[in-house]
Amino acid sequence: MNAAHADQIRLLEVQALDVRLSQASHKARSLPEHAEIDALNNDLAQLRDLLVASQTEESDTTREQAKAEQDVDQVRQRAVRDQQRLDSGTVSSPKDLESLQREIVSLAKRQGDLEDVVLEIMERREGAQERVTELTARVSAVQAKLDDALARRDAAISELDAEAATLTKDREVVAAAVPADLLKLYDKLRAQQGGVGAARLYQRRCEGCRLELNITEVNDVKAASPDTVLRCENCHRILIRTSESGL
């Protein structure tokens, strides 16, 4: 394949722009904010799970406390009624009086036991409430950090997108001046060779594979017409001669 030497030099410009585009894309994928956001999202998910569990415990103990207090109130009311009967003098039978007194004593013990239960439930409820308060604050703090990381990531990506858009336009302008067949070969090689399809020959060394040409290869390059599109014998990339090729 032949192409004017000036067109081959333009191909190096296209390659330089493609490298910068690849670097911008890699930088966007490798932003430290990505890992930071993943870690914060993981922390946030765990904290939210703990918060839901604590909120559920708080709700359950609230209902449990209400039921226990209702049980205490029922026993208290029963004890009040029994005491009123005892105090009224309407119960005259010694046996009934003894039975009523035993029931009052039993109800008093039952009330005491139930009040202990209420206190135990209240302690558990207070503990759950404290955990809800603490976890809510922690969730808010991590969410704030996440929002900040997201904003920093979005700003960085926006900047890189703008850079990529400018580079893409510049590439379109330069590539339009390169012969179609040469550009097609370059794009094919670039896809095969990790993003580098054309390389400069610098001081008898291919800058694509970093290998120095042997004496036979150097003589072949010297003998070739300036319009001849050369290929590196080692990496097969398009090899472009410049004033610094060392020939």
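The coordinates are above.
Everything in this summary refers to the structure shown in the same document. (Residues numbered from 1 in each chain as written. Predicted model: local features only at pLDDT ≥ 70, side-chain atom pairs only at ≥ 80, totals over all residues. Heavy atoms only, no water.)

1. Here we look at the overall build of the chain
To be explicit about the condition: Numbered from the N terminus, helices here are DSSP runs of H or I no shorter than four residues, and strands are runs of E no shorter than two. Throughout this description, buried means an accessible area under 20% of the type-specific maximum (1.4 Å probe, protein chains only), exposed means over 50%, and partly exposed covers the range between. Residue contacts are defined here by distance: any two heavy atoms, one from each residue, within 4.5 Å place the two residues in contact. In these tables, accessible area is a Shrake-Rupley quantity obtained with a 1.4 Å probe, and a residue counts as shielded only by the protein chains included in the view.
Helix and strand counts for the chain come out as five helices and four strands. Shown N-terminal to C-terminal, the secondary structure of the chain runs as helices and strands in the order α-α-α-α-β-β-α-β-β. Across its three principal axes, the chain shows a C-alpha extent of roughly 135 × 35 × 25 Å. Out of the 247 residues in the chain, the part that is buried amounts to 30%. Considering only contacts in the chain between residues 6 or more positions apart, those separated by 24 or more positions represent 77%. Carbon and sulfur atoms make up 51% of the accessible area of the chain, which totals about 15,000 Å².

2. As for the pairing of strand β4 (residues 238-241)
We count it as follows: Pairing between strands is defined by DSSP: at least two bridges between them are needed.
Burial along β4 is two-sided: the residues Ile-238 and Ile-240 and Leu-239 and Arg-241 are all buried. Inspection of the sheet shows strand β1 (residues 198-202) paired to β4 by four bridges, in the parallel sense. The residue bridging Arg-200 from the neighbouring strand is Ile-240, located in β4. Where strand β3 (residues 230-231) lies against β4, two bridges are found, and the strand directions are antiparallel. Each bridged residue has a counterpart across the sheet, and for Arg-231 the counterpart in β4 is Ile-238. From the end of β3 to the start of β4, which pair antiparallel, there are six residues, and His-236 there has a positive phi angle of about 70°.

3. A few points about the nonpolar core
What counts, and what does not: What we call a nonpolar core is a set of buried Ala, Val, Leu, Ile, Met, Phe, Trp, Tyr and Cys residues that are connected through their side-chain atoms within 4.5 Å.
Counting 18 residues, the largest nonpolar core has Leu-11, Leu-182, Tyr-186 and Ile-238 as its most contacted members. A total of five residues in this core trace back to one element, the largest contributor, which is helix α4 (residues 180-192). Ignoring any residue separated from it by four or fewer positions in sequence, one finds Leu-11 in contact with Val-178, Leu-182, Leu-183, Tyr-186, Ala-198, Ile-238 and Ile-240.

4. Some thoughts on the pattern of salt bridges
We count it as follows: By salt bridge we mean one thing: a side-chain nitrogen of Lys or Arg within 4 Å of a carboxyl oxygen of Asp or Glu.
Overall, the coordinates contain 24 salt bridges when judged by the stated rule. A salt bridge links Asp-154 to Arg-153, with the shortest nitrogen-to-oxygen separation between them at 2.9 Å. Take Asp-154: its relative accessible area is 40%, and that puts it in the partly exposed class. Arg-205 is paired through a salt bridge with Glu-212; the nearest N and O atoms lie 3.9 Å apart. The class of Glu-212 is partly exposed, set by a relative accessible area of 48%. Members of the salt-bridge network, linked through shared partners, are Asp-18, Arg-171, Asp-187 and Arg-190.

5. Describing the packing of helix α1 (residues 5-29) against helix α3 (residues 94-176)
Cut-off, in case you're wondering: Axes here refer to lines fitted to C-alpha atoms; in helices the fit is confined to the stretch in contact. Angles between the N-to-C directions go from 0 to 180 degrees. Our angle categories are set so that under 35 degrees counts as roughly parallel, over 145 as roughly antiparallel, 65 to 115 as roughly perpendicular, and the remainder as oblique. Handedness of a crossing follows from how the near helix is turned relative to the far one, being left-handed for an anticlockwise turn of less than a right angle and right-handed for a clockwise one. Under the grouping applied here, Gly and all other residues not named as nonpolar or charged are polar, the nonpolar ones being Ala, Val, Leu, Ile, Met, Phe, Trp, Tyr, Cys and Pro and the charged ones Asp, Glu, Lys and Arg.
At a minimum axis distance of 9 Å, the contact between α1 and α3 shows a crossing angle of 165°. Taken together, α1 and α3 sit at an angle that is classed as roughly antiparallel. The two elements α1 and α3 meet at a crossing, and its hand is left-handed. Contacts between α1 and α3 pair Arg-10, Glu-13, Val-14, Leu-17, Asp-18, Arg-20, Leu-21, Ala-24, Lys-27 and Ala-28 from the former with Leu-160, Glu-163, Ala-164, Leu-167, Thr-168, Asp-170, Arg-171, Val-174 and Ala-175 from the latter. Broken down by class, the residue content of the contact of α1 with α3 amounts to ten nonpolar, one polar and eight charged.

6. Some points on the environment of Ser-25
Position of Ser-25 among the secondary structure elements: in helix α1. Ser-25 sits 212 residues away from Arg-237 along the chain, and the two C-alpha atoms are 23 Å apart.

7. With respect to unusual backbone geometry
A positive phi angle is found at Gln-203, which is not glycine, with a value near 50°. Secondary-structure assignment places Gln-203 in the loop between β1 and β2 (205-206). Of note in this structure, His-236 is not a glycine but carries a positive phi near 70°. Assignment of secondary structure puts His-236 in the loop between β3 and β4.

8. Remarks on the packing of α1 against α4
Two quantities define a packed helix pair, namely the angle between the helix axes and the distance between the axes. Here α1 crosses α4 at 35°, and the two axes come no closer than 11 Å. Both α1 and α4 take part in a crossing whose hand is right-handed. Here α1 contributes Asp-7, Gln-8, Leu-11, Val-14, Gln-15 and Asp-18 to the contact with α4, which in turn contributes Leu-182, Leu-183, Tyr-186 and Arg-190.

9. Side note on the sheet that holds β4
Pairing is mixed in the open sheet, where four strands are placed in the order β2-β1-β4-β3. Looking along the sheet, the strands with just one partner apiece sit at the ends: β2 and β3. Its contacts with the sheet put α1 on β1 and β4, and the angle it makes with β4 is roughly 115°. Docked against the sheet, α4 engages β1, β3 and β4, running at close to 120° with respect to β4.

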